Amino acid sequence: MLLFEALAPGFLVLGFAWTVLPWLKAEDERARAAMVAVMLVLMWRYMAWRWIVTLPPIGLSVDFLVGLIFVTVETLVVIGATISLSFLVRLTNRSPDADRNEPWLMAQPRLPLVDVFICTYNEEEAILERTIVGALALDYPRYRVWVLDDGRRPWLEALTARLGANYLTRPDNAHAKAGNINNGLRHVATLPERPDFISILDADFVPAPHFLRRALSLFREEDVGIVQTPQHFINPDPLQSNLSLARVWPDEQRYFFDVVMAAKDAWGASFCCGTSSVIRFPILQQIGGFPTESVTEDYLVTLKMKVAGYRTVYLNERLSLGLAPEGLKEYVTQRSRWALGFVQICRGALGPLRPKNGLTLIDRISLTETFLYWSAGHTFRLFGIVIPILYLIFNVHAVQADVMDTLGYYLPYFISQITIMGWMARGRVMPIMSDVTQLLAASQISRAVVHGIIKPKGHKFQVTAKGGDRSKRFIQWPLMRIFLIYLALTIGGLVWAFVFEDGSKLRDSAALCLFWSWYNIVVLTIACMVCIEQPRLRASERLNARGKALVEVDGDISEARVLDVSLGGARLAGASPALQGKSVTLVLDGLSIRGTVLRVASQEFVVRFEETAETKAKLIRFIYSGRFSADVPRIIPARVAAATLGRVMR
């Protein structure tokens, strides 16, 4: 009877979600507002219970001090989640505006001139070549391409000249990427024809041909200072790759770019994310170029533009393809830099608590929410691992609650998170996957936050490495050791409680710790699997494809369905019209490419394309045209769970 009473609120929320959500449209603001209200009520009901019931007795005991710190951090997380959920009530879609404005743009008597900056430091030739070729294939009539080389590499200067772009470098690397961009800004400002707009591309981001036309169309309103577009990736991120999830789970950034940024834009709080953006050049000069006070100069340039009276808008269209961090080390480096840079912004003149700095209330709320995500969110994830260990091994009672009470208060909140957030985010959020993602970089991000608070200036820009040899399996031992220690302590604590103390610690209210510890074991095990870097044997990543191709062999032409395509070749469905090793010609959407049959199976065959400079340039323009994608079209949680379990059991 007691168990039924404890489970009843959770079942009620689950029944409500199953009954109501299928009838609601995720784009309807009223429906989103109602569901967010339900989540907030359940979330704060849980937090009230945490403060009133679960704290240890007040005093100078270790139990109370640890419990108070833990519940305070959890409260900060819930405050951040409250702000985040409130933003999610509204979404914008600026594609109709771009559709309406594009004819206006192209009818201008003088089309605005755009300088496209490709920012590079240490990327390899194959990465840079496709970015330069893609940038030179833009279908907008008036633009110049500049390769800003902070690596001062003669081979890159020669490659740039051969491809027909402009090359710039400088004698030092002062202020890293922001300094590199500012050097480019100073140069183009001295030219006889100065640009009207600047477009920023990271070295690994290849724009679609219509990138500039679509982005520039949103500058019809004079107060638009920046147009930001999303980052899509051609390769799997470390979570997808190392857990074999590339075909069933989207990259970690999809929720941010598809949901969060669209929601921020609806409230006037979207921001520049660096690459794949277009910025008004005169206003950028007016504010002194890209700011150098933070290692996340892109967010800070948005704030400075805001103070100058210009806003950032977000166009959620796939207009470029780049490289996600290819290894876990690079992933952690990137996230730690973002966290550090954001703390630097909050400690600076445009921080959310600084009075009379020109920021609006929405800007301040948005900054606060993001700060809490980086600081409290990742700290809480570490606490979630450590608190059960402290209880099992050191008998620290930081949370005093029995299982029945916890089920009655936490379960409804947890179920609402799974169901309602899944509905609003179209499946892009799953609790265990979110916890694993946060845990992967939690220690380093927490350290970066502390460093940024104590010493906001003088930090070196950490470049996210791209390319290199990824053909061998290896283990990221620095991270693996951390997770293995947590895992050993958790399992050791359970063994200690069961074997050496006869299970006395796991009776009554402390039974909660048993379930908590088992959940942590699952999360930590998955995190350890992510630390085992799987080999990536393909020289170029495959993109999903649809449609037919013509296959010509010795004058005979047949038709085959294209399954996927890359710079190296294509996989096609059906019986091969030629034996392995035979030369063929493929015609894809009018593009004729010579190649060789590489592999033949019963229901499919693979063609490897010839490796000539002319063919490579054609393929870059074709594959990065915007018609192909590596995105997961539909997320089925059961497939994600099966793929993860299969990887763990291997």
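Here the structure is a predicted model, which is why all the values come from computation and not from measurement.

Asks: Which residues make up the overall build of the protein, and what values do they have?
Replies: A count of helices and strands for the protein gives 20 helices and 19 strands. Against the compact-globule benchmark of 26 Å for 650 residues, the protein has a radius of gyration of 27 Å, which places it among compact chains. Dimensions of the protein, computed from C-alpha atoms along their principal axes, come out at roughly 80 × 65 × 50 Å. Within the span of the protein, comprising 650 residues, buried residues form 56% of the whole. A total accessible area of about 28400 Å² is found for the protein, and carbon and sulfur atoms account for 60% of it.

Asks: Before we move on, can you summarise a nonpolar patch on the surface with the specific residues and values?
Replies: On the surface, Ile393, Phe394, Ile485 and Leu489 cluster together into a nonpolar patch covering about 370 Å² of accessible area. Of all elements in the fold, only helix H14 (361–394) and helix H17 (477–500) reach the threshold of two or more residues within the nonpolar patch. Relative to the elements of secondary structure, Ile393 occurs in helix H14. For Ile393, a relative accessible area of 31% corresponds to the partly exposed category.

Asks: Any details on the nonpolar core? Residues and values, ideally.
Replies: Within the largest apolar cluster, 62 residues are counted, with the highest numbers of intra-cluster contacts made by Trp249, Leu440 and Phe483. Every element with two or more residues in this core is listed here: helix H10 (254–266), helix H12 (297–307), helix H13 (328–347), H14, helix H16 (431–454), H17, helix H18 (511–530) and helix H20 (637–649). Of all the elements, H18 adds the most residues to this core, at 10 residues. In this structure, Leu40, Leu42, Trp49 and Met424 belong to the second largest nonpolar core, which totals 35 residues.

Asks: Run through unusual backbone geometry, naming residues and quoting values.
Replies: Of note, the phi angle at Ser244 is positive, near 60 degrees, even though the residue is not glycine. The residue Ser244 is located in the loop between helix H9 (238–242) and H10 in this model.

Asks: Explain the pattern of salt bridges residue by residue, including any values.
Replies: Going through the model one piece at a time under the given rule, you end up with 35 salt bridges. Asp115 is the partner of Arg144 in a salt bridge, and the nearest nitrogen-oxygen pair spans 2.7 Å. Separated by 29 residues along the polypeptide, Arg144 in strand S2 (residues 143–149) and Asp115 in strand S1 (residues 114–120) bring together distant segments of the chain. For the residue pair Arg144 and Asp115, the accessibility class agrees, reading buried in each case. In this structure, Glu317 and Arg214 form a salt bridge, with 2.6 Å as the shortest nitrogen-oxygen distance. Within this pair, whereas Glu317 is found in the loop between strand S9 (311–314) and strand S10 (320–322), its partner Arg214 is found in helix H8 (residues 211–216), the two being separated by 103 residues in sequence. We classify Glu317 as buried; its relative accessible area is 13%. On the basis of relative accessibility, which here comes to 9%, the residue Arg214 falls in the buried class. Linked through salt bridges whose partners overlap, the residues forming this network are Asp99, Glu102, Asp139, Arg213, Arg214 and Glu317.

Asks: Describe H20, naming the residues involved and giving the relevant values.
Replies: Between its first and last C-alpha atoms H20 spans 18 Å; for 13 residues at 1.5 Å apiece the expected length is 18 Å, and the two agree. For H20, the elements touching its buried residues are H9, H16, H18 and strand S12 (532–533).

Asks: Requested: an account of the pairing of strand S15 (residues 556–565), with residues and values cited.
Replies: As paired elements, strand S13 (residues 543–544) and S15 share two bridges and run antiparallel to each other. Looking at the pairing, Leu543 lines up with Val565 of S15. Of the strand pairs in this sheet, strand S14 (residues 548–553) and S15 are connected by six bridges, and their pairing is antiparallel. Bridge pairing in S15 links Leu550 to Glu559. Count of turn residues in the S14/S15 antiparallel hairpin: two residues, of which Asp554 carries a positive phi of about 50 degrees. Alignment of S15 against strand S16 (residues 569–573), held across four bridges, turns out to be antiparallel.

Asks: Describe the sheet that holds S10, naming the residues involved and giving the relevant values.
Replies: The sheet built from three strands is open, its strands ordered S5-S10-S7 with mixed pairing. Each having just a single partner strand, strand S5 (206–207) and strand S7 (232–233) make up the two edges of the open sheet. Inspection of the sheet shows S5 paired to S10 by two bridges, in the antiparallel sense. Residue pairing in the sheet places Pro207 in a bridge with Ser320 of S10.

Asks: Account for the side chain of Arg50, with residues named and values stated.
Replies: By the secondary structure assignment, Arg50 is in helix H2 (residues 29–52). Relative accessible area serves as the criterion here: at 2%, Arg50 is assigned to the buried category. A polar side-chain atom of Arg50 sits 2.5 Å from a polar atom in the side chain of Thr54. Ignoring anything within four residues of it in the chain, the contact list for Arg50 reads Leu55, Phe70, Val71, Glu74 and Val399.

Asks: Go over the packing of H18 against H20 with me, naming the residues and quoting the values.
Replies: Helix-helix packing is described using two parameters, namely the angle between the two axes and the distance between the axes. One can describe the packing of H18 onto H20 by two numbers: an axis separation of 10 Å at closest approach and a directional angle of 70 degrees. When the axes of H18 and H20 are compared, the pair comes out roughly perpendicular. For the pair H18 and H20, the contacting residues are Thr525, Ile526 and Met529 in the first and Thr644, Arg647 and Val648 in the second. Among the residues forming the contact of H18 with H20, the class breakdown is three nonpolar, two polar and one charged.

Asks: Which residues make up the environment of Ala26, and what values go with them?
Replies: Mapped onto the elements of the fold, Ala26 is located in the loop between helix H1 (2–20) and H2. Separated by 25 residues in the primary sequence, Ala26 and Trp51 place their C-alpha atoms 33 Å from one another.

Asks: Explain the packing of aromatic side chains residue by residue, including any values.
Replies: Throughout the structure, instances matching the rule amount to 17 aromatic pairs. Between Phe70 and Phe380 the ring centres are 5.5 Å apart and the planes differ by 10 degrees, which places this aromatic pair in the stacked class. Taken together, the residues span a long stretch of sequence, with Phe70 in helix H3 (residues 62–87) and Phe380 in helix H14 at a distance of 310 residues. With a centroid separation of 6.0 Å and 45 degrees between ring planes, the pair formed by Phe256 and Phe271 is classed as tilted. On the criterion of sequence distance, the pair formed by Phe256 in helix H10 and Phe271 in the loop between H10 and strand S8 (277–280) is long-range, its members being 15 residues apart.

Asks: Please set out the environment of Ser416 residue by residue, giving values where relevant.
Replies: Looking at the secondary structure, you find Ser416 in helix H15 (residues 403–424). Once the C-alpha coordinates of Ser416 and Glu552 are considered, the two residues, 136 residues apart in sequence, prove to be 55 Å apart. The residues contacting Ser416, other than those within four sequence positions of it, are Val13, Met39, Leu42 and Met421.

Rules used throughout
Residues numbered from 1 in each chain as written. Predicted model: local features only at pLDDT ≥ 70, side-chain atom pairs only at ≥ 80, totals over all residues. Heavy atoms only, no water. Helix = DSSP H or I, 4+ residues; strand = E, 2+ residues; numbered from the N terminus. Rg over C-alpha atoms; globule rule 2.2 N^0.38 Å. Buried < 20%, exposed > 50% of the residue type's maximum accessible area, 1.4 Å probe, protein only. Areas by Shrake-Rupley, 256 points an atom, 1.4 Å probe, with all protein chains shown as cover. Patch = residues over 30% accessible without salt bridge, like charges linked within 9 Å, V, L, I, M, F, W, Y side chains within 5 Å. Salt bridge = Lys/Arg side-chain N within 4 Å of Asp/Glu carboxyl O. Core = buried A, V, L, I, M, F, W, Y, C linked by side-chain atoms within 4.5 Å. Expected span 1.5 Å × (residues − 1). Contact = heavy atoms within 4.5 Å. Pairing = 2+ DSSP bridges. Polar contact = N/O pair within 3.5 Å; in protein donor to acceptor, adjacent residues only side chain to side chain. Axes fitted to C-alpha atoms, helices over the stretch in contact; angles between N-to-C directions. Parallel < 35°, antiparallel > 145°, perpendicular 65-115°, else oblique. Nonpolar A, V, L, I, M, F, W, Y, C, P; charged D, E, K, R; others polar. Phe/Tyr/Trp six-rings, centres within 6.5 Å; stacked < 30°, edge-to-face > 60°.

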